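Report on the structure
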Amino acid sequence: MARETAAGVSARTGNDATGAAADLLRVENLNVEFPSPSGGWQTTVQDVSFSLKPGGSMALVGESGSGKTVTSVAVMGLTGATGGRIASGRIVFDGKDLTAGTQKQWRDLRGPGMGMIFQQPIRSLNPAFTVGDQIAESVRKHLGMNRKQARARAVEMLEMVQIPRAAQRVDEYPHAFSGGMCQRVMIAMVMACNPRLLIADEPTTALDVTVQERILELLRDLQEQTGVALLFVSHDLAVVAELCQQVVVMYAGEVAENAPSEKIFFNPRHPYTSGLIGSIPKPGLNTDRRLRAIPGGIPAPGTWPHGCRFSSRCEFVEPGRCDVAHPGLIRIDGAAEHDVRCVRAAELSLDGVTV
Ligand SMILES: Nc1ncnc2c1ncn2[C@@H]1O[C@H](COP(=O)(O)OP(=O)(O)OP(=O)(O)O)[C@@H](O)[C@H]1O
Ligand SMILES: [Mg+2]
């Protein structure tokens, strides 16, 4: 019989007593703060919770400034390096509460446990070293490979991310690679240590559309081949539609809606989600209405309204109701685990994607 851990999770299957796969990542009531220009600390991400199963795919979506990167960086244990602090909440990875552990525990997980790729790959690569040396350094450090094994691993990884002539290109410097190829190198570097979680923060935003499509295909293939779980960050709902099983919509530092993808796209319950869907410019994912952007912008931390943070931009706002108290997250569909932060969710009929 499989051994069970204290958390009731089988060490052999990773499943809990009910047979369901245990969460690989659980973010619980996360609060992140940065120093405020006027002194003290400013809450930037508030009460954010979500979970991801091993091999699962989840998107963090929202406009610029909604808190996606701050949340992702917190999962990686790098908040301190950006000048902020995790004020409260827990980040539980593979059953361990990292927020209660040491920085060393978190550092040791970066590489073999979790890895992150960023929007601008060229900035993440060191121009002074060949791409092969950079991949090799990471696997020597984390997997304990010798020089020869690490070089072979670098070539293997460049092949895995479909870089042509990998055996030659391994000795080239980052400047010799196009934006899309640099992003492939970054993915190779992160995946070389066999992480269980890959965080991709807007990995295709800086790339043109056809290159973007290929990188998304690559991420999908890698997930299938390796079983890595994906936390995909994007401001573009259309991009995540094809890639992610679950979508967390963020607005002004908090979760506005969290649901399986098909619910988010076909039955959105938050006016902000519906607004994001309405502004998707992609053929095949258009609504039957004219493309519309959501007027206005996200309020910055420190200027969040007292009531619903989206109320000043919401076409369904009900004065005296939406703007009086900060709405909590409501479970609107228990079976689908569909949560929404809108007091009018049950009574509104919102546009989703029409096919
Ligand atoms: N190092 C920092 N110091 C102070 N404030 C920060 C810092 N990093 C982020 N913030 C603030 O936190 C908020 C959320 O920023 P974040 O970078 O997470 O947004 P985002 O959703 O990733 O946006 P984008 O789509 O532009 O990448 C913003 O108001 C931003 O100004
Ligand atoms: Mg960001």
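Predicted, not measured: the structure shown is a model, and the values here were computed from it. (Residues numbered from 1 in each chain as written. Chains lettered and ligands numbered in written order. Predicted model: local features only at pLDDT ≥ 70, side-chain atom pairs only at ≥ 80, totals over all residues. Heavy atoms only, no water.)

**Side note on the confidence of the model for the protein**
- Summary statistics for the protein give a mean pLDDT of 89 and a share of 91% for residues scoring 70 or more.
- For residues 1-13, every residue scores under 50 in pLDDT, and the model assigns this stretch 15 contacts once sequence neighbours within four places are set aside.
- Contacts from residues 285-290, a stretch scored under 50 in pLDDT, to residues over four places away or in other chains number 13 contacts. (pLDDT = per-residue confidence, 0-100. Contact = heavy atoms within 4.5 Å.)

**So, the sheet that holds strand 4 (residues 85-93)**
- Strand order in the open sheet made by the four strands is 2-1-4-5, with antiparallel pairing throughout. Strands with a single pairing partner mark the edges of an open sheet, and in this sheet they are strand 2 (41-52) and strand 5 (96-97).
- Of the pairings in the sheet, the one linking strand 1 (residues 25-35) to strand 2 comprises eight bridges and is antiparallel in character. Counterpart to Leu25 in the pairing with strand 2 is Leu52. (Pairing = 2+ DSSP bridges. Helix = DSSP H or I, 4+ residues; strand = E, 2+ residues; numbered from the N terminus.)

**Some thoughts on the nonpolar core**
- Counting 64 residues, the largest nonpolar core has Leu158, Ile187, Phe232, Leu237, Val240, Val247 and Tyr272 as its most contacted members.
- Looking at this core, the element that brings in the most residues is helix 7 (residues 179-191), giving eight residues.
- If you count residues domain by domain, this core takes at least three from each of domain 1 (22-113 + 198-355) and domain 2 (121-192).
- In contact with Ile187, not counting residues within four places along its chain, are Ile117, Val161, Ile215, Leu218, Leu219 and Leu222. (Core = buried A, V, L, I, M, F, W, Y, C linked by side-chain atoms within 4.5 Å. Buried < 20%, exposed > 50% of the residue type's maximum accessible area, 1.4 Å probe, protein only. Domains from an automatic or database assignment.)

**Remarks on the UniProt feature "domain: ABC transporter" (unreviewed entry) in the protein**
- As annotated in UniProt, the feature "domain: ABC transporter" (unreviewed entry) corresponds to residues 25-277 in the numbering used here.
- From the first C-alpha to the last, residues 25-277 spans 27 Å; its make-up is 39% helix and 26% strand. (UniProt positions renumbered as here; feature names shortened; annotations may be inferred.)

**Description of the site of ligand 1**
- In the neighbourhood of ligand 1, 13 residues make up the surrounding shell, with Thr44, Ser64, Gly65, Lys68 and Thr69 lying closest.
- The contact in question runs from an oxygen atom of ligand 1 to an N or O atom on the backbone of Gly65, over 2.8 Å.
- With the chains in place, 64% of the 640 Å² that ligand 1 exposes on its own is no longer accessible.
- The greatest single-element share of the shell around ligand 1, amounting to three residues, is contributed by helix 1 (residues 68-75).
- Of the residues assigned to the shell around ligand 1, the class counts are three nonpolar, seven polar and three charged. (Near = heavy atom within 4 Å. Polar contact = N/O pair within 3.5 Å; in protein donor to acceptor, adjacent residues only side chain to side chain. Areas by Shrake-Rupley, 256 points an atom, 1.4 Å probe, with all protein chains shown as cover. Nonpolar A, V, L, I, M, F, W, Y, C, P; charged D, E, K, R; others polar.)

**Considering the environment of Ser38**
- Its place among the elements puts Ser38 in the loop between strand 1 and strand 2.
- Judged by relative accessible area, which is 72%, Ser38 ranks as exposed.
- Measuring from C-alpha to C-alpha, the distance between Ser38 and Arg147 comes to 51 Å, with 109 residues separating the pair along the chain.
- Here the side chain of Ser38 touches Ser36 through a polar contact of 2.9 Å, side chain to side chain.

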